Amino acid sequence: MKTVYISDLHGTLITRNERLSDYSLAVLNGLIDRGLSFTYATARSLFSAERAVCGLKHTLPVIVYDGALIIQPATGEVLHMLSFSGEEKERLLKALDAFGVSPVVHARENGDDKIFWLEGRESPGQARYLARRAQDRRLTPVHSAPGLCRGDTFFFACNGDYTLMKGLHDELERQGFYCRIYPETYRADSHWLEILPRGATKAEAIVRLKNMLGFARAVCFGDSANDSEMFDVCDEKYAVRNADEWLKGKATGVVGYCEEDGVAKWLAENAFKAE
């Protein structure tokens, strides 16, 4: 049966320095040359993801922003996108303002990806996020709340301590928004709250991609909470050894650590056995 292999990036396929190792790159490209159908599903933008996997050969679309977009990486063509309505954006900003929270907003405007935020209202975590992307052409600071609503918006990212983010999370869920909360990587004192349009999940994007390209089976790899839903829709699911313990409990099996090329090594040993 025709199988597609899909990997999360951060904590799964790429290393702590946010890069695909030379070993994994060589192994994956060799397998792709032999006909392996491989792609990734990530919370990252295409810009950030492609920097992390620089040199990886692409034969399939990729899933970015946790499923809000499916994109052809070579051309930037958007094959599928979910976005917030104008009314939803207004309600979201009103709720965030009531909690004293200012978001980083991802959108497409006139065919270009944009990152909007209210300059001067950054949380420490948001400031770190923006500083790491100082040369990113998507960065577009704005100076009033209406500026955050420009274009087709598909991703709000809020940041703060857990108590604040959990309170906001619960209020937004009460209002019917789809959101999730998780700690900032390597920082226990800071949490991210992501808000996406309904249906914007890795799981739904994988099902859509399977149907779009005619795959019969899907095998995925992940490490954390935002991989849980894709584990639910894939025929086989593998957690890396550094994954959350509860996610390992949902997995078909456990592969090696992300820092030790666990996904690439498993694929090299097993991918063509299933074909």
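Residues numbered from 1 in each chain as written. Predicted model: local features only at pLDDT ≥ 70, side-chain atom pairs only at ≥ 80, totals over all residues. Heavy atoms only, no water.

(A) Representation of the overall build of the chain within the structure. Counting its secondary structure elements, the chain contains nine helices and 14 strands. Against the compact-globule benchmark of 19 Å for 275 residues, the chain has a radius of gyration of 18 Å, which places it among compact chains. Judged by the C-alpha coordinates and their principal axes, the chain covers about 55 × 40 × 35 Å. Buried positions account for 54% of the 275 residues belonging to the chain. In the chain, the share of contacts with a sequence separation of at least 24, taken over all contacts with a separation of at least 6, comes to 60%. Accessible surface, the chain as shown: approximately 12,000 Å² in total, 48% of it carbon and sulfur. Charge centroids of the chain, computed over 34 positive and 39 negative side chains, lie 2 Å from each other. (Helix = DSSP H or I, 4+ residues; strand = E, 2+ residues; numbered from the N terminus. Rg over C-alpha atoms; globule rule 2.2 N^0.38 Å. Buried < 20%, exposed > 50% of the residue type's maximum accessible area, 1.4 Å probe, protein only. Contact = heavy atoms within 4.5 Å. Areas by Shrake-Rupley, 256 points an atom, 1.4 Å probe, with all protein chains shown as cover. Lys, Arg positive; Asp, Glu negative; His and termini not counted. Charge placed at Lys NZ, Arg CZ, Asp CG, Glu CD.)

(B) Main features of the packing of helix α1 (residues 22-33) against helix α9 (residues 262-270). Packing of α1 against α9 brings their axes to within 9 Å, and their N-to-C directions diverge by 30°. Compared by their axis directions, α1 and α9 come out roughly parallel. With respect to the hand of their crossing, α1 and α9 are arranged in left-handed fashion. Contacts between α1 and α9 involve Tyr23, Ser24, Val27, Leu28 and Leu31 on the former and, on the latter, Ala264, Lys265, Leu267 and Ala268. (Axes fitted to C-alpha atoms, helices over the stretch in contact; angles between N-to-C directions. Parallel < 35°, antiparallel > 145°, perpendicular 65-115°, else oblique. Left-handed = near helix turned anticlockwise from the far one by under 90°.)

(C) Spotlight on the side chain of Lys202. Examined against the element boundaries, Lys202 turns out to sit in helix α6 (residues 202-213). For Lys202, the residues in contact, after removing those within four places along its chain, are Asp8, Ala41, Thr42, Ala43, Asp66, Gly67, Asn226, Asp227 and Met230.

(D) The nonpolar core, seen in detail. Judged by nonpolar contacts, the single largest core of 65 residues is most densely connected at Tyr5, Phe38, Phe221 and Leu267. Examining the composition of this core, we find that five residues originate from one element, α1, more than from any other. Of all hydrophobic cores here, the second largest spans 21 residues; its members include Phe156, Cys158, Met165 and Leu193. (Core = buried A, V, L, I, M, F, W, Y, C linked by side-chain atoms within 4.5 Å.)

(E) Quick peek at the layout of surface pockets. In this structure, the largest pocket occupies an estimated 1,200 Å³ of space. Taken together, 39 residues line the largest pocket, and the ones lying closest to its centre are His10, Tyr182, Pro183, Glu184 and Thr185. Residue assignment for the lining of the largest pocket shows that the elements contributing at least two residues are β6 (104-109), α4 (124-131), β9 (152-160), β10 (178-183) and β11 (191-196). Among the elements that line the lining of the largest pocket, the one with the most residues is β10, at four residues. Looking at the lining of the largest pocket residue by residue, the classes come out as 14 nonpolar, eleven polar and 14 charged. Of all elements in the fold, only α2 (46-52) and β7 (112-118) reach the threshold of two or more residues within the lining of the second largest pocket. Across the lining of the second largest pocket, the residue classes tally to four nonpolar, two polar and seven charged. (1 Å grid on protein atoms, 1.4 Å probe; cavity = no way out; pocket = protein on both sides within 12 Å on 5 of 7 lines; lining within 4 Å. Points joined across faces, edges and corners; volume = space filled by probe spheres on them. Nonpolar A, V, L, I, M, F, W, Y, C, P; charged D, E, K, R; others polar.)

(F) Spatial organisation of the sheet that holds strand β14 (residues 253-255). One open sheet accounts for five strands, arranged β2-β1-β12-β13-β14; its pairing is parallel. The strands lining the two open edges of the sheet, one partner per strand, are β2 (38-40) and β14. Sheet twist, expressed as the mean angle between neighbouring strand axes with direction ignored, is 25°. Where strand β1 (residues 3-7) and β2 come together, three bridges link them in parallel fashion. Paired with Ser7 across the bridge in β2 is Tyr40. Strands in contact with α6 are β1, β2 and β12 (217-222); relative to β12, the strand with the most contacts, it is inclined by about 145°. The sheet strands contacting α9 are β1, β2, β12, β13 (236-240) and β14, and the helix crosses β12 at an angle near 150°. (Pairing = 2+ DSSP bridges.)

(G) Focus on the pairing of β6. β6 sits mainly inside the fold: six of its six residues count as buried. Side-chain alternation along β6 places Val104, His106 and Arg108 on one buried face and Val105, Ala107 and Glu109 on a second face that is also buried. Inspection of the sheet shows β6 paired to β7 by six bridges, in the antiparallel sense. Residue Glu109 lies in a different strand from β7, and its bridge partner there is Asp112. Between the antiparallel neighbours β6 and β7 lie two residues, among them Asn110 with a positive phi of about 55°. Judged from the five bridges that link them, β6 and β9 form a sheet pairing that is antiparallel.

(H) Here's a closer look at the pattern of salt bridges. On inspection of all chains with the given rule, the structure shows 18 salt bridges. Of the charged contacts, one joins Glu87 and Arg91 as a salt bridge, the two residues approaching to 2.6 Å between their closest N and O atoms. Within this pair, Glu87 and its partner Arg91 are both found in helix α3 (residues 86-98), separated by four residues, close to a single helical turn. For Glu87, a relative accessible area of 44% translates into the label partly exposed. In this structure Arg91 comes out as partly exposed when scored by relative accessible area, which is 30%. A salt bridge links Lys248 to Glu245, with the nearest nitrogen and oxygen atoms 2.9 Å apart. In this pair, Lys248 and Glu245 both sit in helix α8 (residues 245-248), three residues apart, roughly one turn of the helix. (Salt bridge = Lys/Arg side-chain N within 4 Å of Asp/Glu carboxyl O.)

Everything listed here is a matter of geometry and, on its own, says nothing about what the molecule does.
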